[in-house]
Amino acid sequence: MDLHVLNMFVIAGGTLAIPILAFVASFLLWPSALIRIYYWYWRRTLGLQVRYVTHNDYQFCYSCRGRPGAKPSLLMLHGFSAHKDMWLNVVKFLPKNLHLICVDMPGHEGTTRSSLDDLSIDGQVKRIHQFVESIKLNKKPFHLVGTSMGGHVAGVYAAYYPSDVCSLTLVCPAGLHITTDNAFVQNLKMLQEMSAVDKIPLIPSTPEEMANMLKLCSYVRFKVPHQLLQGLVDVRIPHNDFYRKLFLEIVSEKSRYSLQENMEKIQVPTQIIWGKQDQVLDVSGADLLAKGISNCQVELLENCGHSVVMERPRKTAKLIVEFLSSLHSAANSKKQD
């Protein structure tokens with residue numbers, strides 16, 4: 001082989017080796033930094049911009065894509081201990097002409113965390129209303145989407161502020177009085193009796209506990225490398241005291257069944273999406289909502305657990321788009337009549 005060509009291969013190999021070695025070093029030494037880069041990359045790829053808005057001295061952080069138009073805007077509320085980027089997998093499959101907003105819930109990620117904040121469901125609903133008014137989202141009724149704790153907040157929001165919302169999607173929402181306790185709820189009751197708040201399964205402190213939480217929340221078994229589990233834990237550990245405080249608040253008597261107590265006040269068309277194999281919030285909650293909300297349709301997903309937006313993002317996006325399309329078609333039919 002020509003020496004010049006050989007030198008080219010050596011130089012090319014060395015050039016490629018540098019980013020590869022940098023990636024490996026980041027993965028082994030700073031997995032949490034790599035996770036942040038991953039979210040930044042996907043936000044950029046999907047055309048989402050991170051923005052901030054304040055209400056008095058309270059700051060909200062959110063990501064958005066597009067502008068308000070003829071179709072309703074979408075406001076998406078994430079679940080307990082998550083953040084706005086949990087919706088990225090769903091956003092990937094949503095039409096680019098939809099105006100999307102994903103907000104960090106009170107105390108999460110870039111939104112203000114205050115020791116004086118009311119973390120009850122009612123308190124969170126009021127905060128989200130402040131956010132909505134701050135960005136003037138309620139100039140026109142919008143479609144509200146929430147999952148788990150975010151679904152709890154979304155449902156109560158629709159009951160409290162009916163003029164703000166034109167339609168609603170609740171993905172395996174909390175806030176319902178389900179009479180049959182699953183293994184997760186039984187475990188929580190046992191921990192409560194023992195006052196072992198540091199052992200709540202949804203607040204992991206080790207890679208092993210993180211792996212167990214992923215198994216609890218997902219029907220699909222993801223093979224996650226130990227280093228990545230460590231990175232996920234490293235990102236969460238500084239916030240675990242807040243998560244414990246929040247968890248105890250949302251399962252308190254004041255908040256625990258807020259959605260069920262207010263579901264009959266929900267007047268907008270409502271879509272329920274639930275994984276049949278949900279081990280956190282039993283799928284029988286879908287039937288409770290179908291009976292309690294006057295205009296409600298239910299979609300149950302086979303081979304899917306609690307983390308619907310992570311396990312079935314394409315299906316979730318498809319169901320939301322089809323639901324919105326059906327409402328748009330129905331509205332046009334009424335105009336023609």
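Provided above is the structure to which this section pertains.
The rules behind these values
Residues numbered from 1 in each chain as written. Predicted model: local features only at pLDDT ≥ 70, side-chain atom pairs only at ≥ 80, totals over all residues. Heavy atoms only, no water. Pairing = 2+ DSSP bridges. Helix = DSSP H or I, 4+ residues; strand = E, 2+ residues; numbered from the N terminus. Axes fitted to C-alpha atoms, helices over the stretch in contact; angles between N-to-C directions. Patch = residues over 30% accessible without salt bridge, like charges linked within 9 Å, V, L, I, M, F, W, Y side chains within 5 Å. Areas by Shrake-Rupley, 256 points an atom, 1.4 Å probe, with all protein chains shown as cover. Salt bridge = Lys/Arg side-chain N within 4 Å of Asp/Glu carboxyl O. Buried < 20%, exposed > 50% of the residue type's maximum accessible area, 1.4 Å probe, protein only. Contact = heavy atoms within 4.5 Å. Phe/Tyr/Trp six-rings, centres within 6.5 Å; stacked < 30°, edge-to-face > 60°. Lys NZ or Arg CZ within 6 Å of the ring centre and 35° of its normal.

Now for the pairing of strand S1 (residues 49-55). Where S1 and strand S2 (residues 58-65) come together, seven bridges link them in antiparallel fashion. By the bridge assignment for S2, Val50 is matched with Ser63. Between S1 and S2, which pair antiparallel in sequence order, lie two residues; one of them, Asn56, sits at a positive phi of approximately 55°.

Bringing the sheet that holds S2 into the picture now. The strand order S1-S2-S4-S3-S5-S6-S7-S8 describes an open sheet built from eight strands, whose pairing is mixed. Whereas interior strands pair on both sides, the edge strands pair on one side only; in this sheet they are S1 and strand S8 (296-301). Neighbour-to-neighbour, the strand axes of the sheet open up by a mean angle of 20°, direction not taken into account. Bridge analysis of strand S7 (residues 270-275) against S8 gives six bridges, and the strand direction is parallel. Residue Trp274 lies in a different strand from S8, and its bridge partner there is Leu300.

Attention shifts here to a nonpolar patch on the surface. Taken together, the side chains of Ile37, Trp40 and Tyr41 make up a nonpolar region of the molecular surface, amounting to roughly 350 Å² of accessible area. Structurally, Ile37 can be placed in helix H2 (residues 31-45).

What follows deals with helix H7 (residues 207-217). For H7, the complete set of buried residues consists of Pro207, Met210, Met213, Leu216 and Cys217. Residues of H7 that are buried in the fold lie against helix H6 (183-193), helix H8 (226-236) and helix H12 (308-311).

What follows deals with the packing of aromatic side chains. By the definition in use, this model includes ten aromatic pairs. Ring centres of Phe142 and Tyr157 lie 6.2 Å apart, and the angle between their planes is 55°; this geometry places the pair in the tilted category. Separated by 15 residues along the polypeptide, Phe142 in strand S5 (residues 142-147) and Tyr157 in helix H5 (residues 149-160) bring together distant segments of the chain. The ring of Phe242 carries Arg113 above its face, with NZ or CZ at 4.1 Å from the centroid. Sitting over the ring of Tyr58, Arg127 keeps its end group 3.6 Å from the ring centre.

Shape descriptors only; they carry no functional weight alone.
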